[in-house]
Amino acid sequence: KCILTKDSKEQEKIVHSLNEFVLGFGAFSWDIGQNEEDQWFFTISPNLNGDLLQTSKSVMALAPNHLNWFFYSSKQTKTWDYQLEVYDELLDIFTVDTSKWHYNAFEEEDGSIELIFEIGSLAKKHSEAIENAITAFIINELGEEILISDISNIDFFELFDEDLSPTKSSIIELKAQVIPE
């Protein structure tokens, strides 16, 4: 109850304790909340650090399984509207509609995946804003663990050239291709 109550002194204590606990394992971030089915979850994120992913998996493997909670060792996929808010080089927020993007995915010899995105006018933005938008998109759509473990290379273009254009797919199809059910 104190987690849901903003400005609660108990909430401050819990947040501080969780910060101390999680940071005791390394440079992790964390999230706590309710999913779309109103079930509680606790996530420890390795912040895209492959070396920390195994540590977060080990920590979360020790989580109690008798609670009606979900414990995750990395950021999970989301049900979302394909809209992102990203900071530009002046630290102004702008919205990116990723539903209009296209992609090509290529499986490498080692089984990893190269992703190439067609991102339209976003390609004209500052490189850090582009990187942040693509990273946020992949985490929302595929999850942080897949980004860390399975994606070997990421590239982007404003528009695909004649070699890539015939094989491009709508971004909406990416999850089904990379995470088949």
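Up top is the structure these notes are about.
To keep things clear, this report deals only with the structure shown in the data block.

So, how was this worked out
- Residues numbered from 1 in each chain as written.
- Predicted model: local features only at pLDDT ≥ 70, side-chain atom pairs only at ≥ 80, totals over all residues.
- Heavy atoms only, no water.
- Helix = DSSP H or I, 4+ residues; strand = E, 2+ residues; numbered from the N terminus.
- Buried < 20%, exposed > 50% of the residue type's maximum accessible area, 1.4 Å probe, protein only.
- Contact = heavy atoms within 4.5 Å.
- Areas by Shrake-Rupley, 256 points an atom, 1.4 Å probe, with all protein chains shown as cover.
- Lys, Arg positive; Asp, Glu negative; His and termini not counted.
- Charge placed at Lys NZ, Arg CZ, Asp CG, Glu CD.
- Pairing = 2+ DSSP bridges.
- Axes fitted to C-alpha atoms, helices over the stretch in contact; angles between N-to-C directions.

1. Description of the overall build of the protein chain
No. 1: Looking only at helices and strands, one finds 5 helices and 9 strands in the protein chain.
No. 2: Listed N to C, the secondary structure of the protein chain is α-β-β-α-β-β-β-β-β-α-α-β-β-α in terms of helices and strands.
No. 3: Dimensions of the protein chain, computed from the C-alpha atoms along their principal axes, are close to 60 × 40 × 30 Å.
No. 4: Residue burial in the protein chain is summarised as follows: out of 181 residues, 35% are buried.
No. 5: When contacts within the protein chain are restricted to residue pairs at least 6 apart in sequence, those whose partners lie at least 24 apart make up 60%.
No. 6: Of the roughly 11400 Å² that the protein chain leaves accessible, carbon and sulfur atoms contribute 49%.
No. 7: Separation of charge centres in the protein chain, based on 12 positive and 34 negative side chains, amounts to 11 Å.

2. Section: the sheet that holds strand β2 (residues 40-45)
No. 1: Sheet architecture is open: 3 strands sit in the order β1-β2-β3, paired in mixed fashion. Each end of this open sheet is capped by a strand with a single partner; those strands are β1 (29-34) and β3 (69-72). In this sheet, adjacent strand axes meet at a mean angle of 10° when their direction is disregarded.
No. 2: Here β1 runs beside β2; their pairing, made up of 6 bridges, is antiparallel. Within β2, the residue paired with G33 across the bridge is F41.
No. 3: Along the sheet, helix α1 (residues 9-23) contacts β1 and β2; its crossing angle with β1, the most-contacted strand, is approximately 135°.
No. 4: Sheet strands touched by helix α2 (residues 50-61): β2 and β3. Its angle to β2, the strand with the most contacts, is close to 150°.

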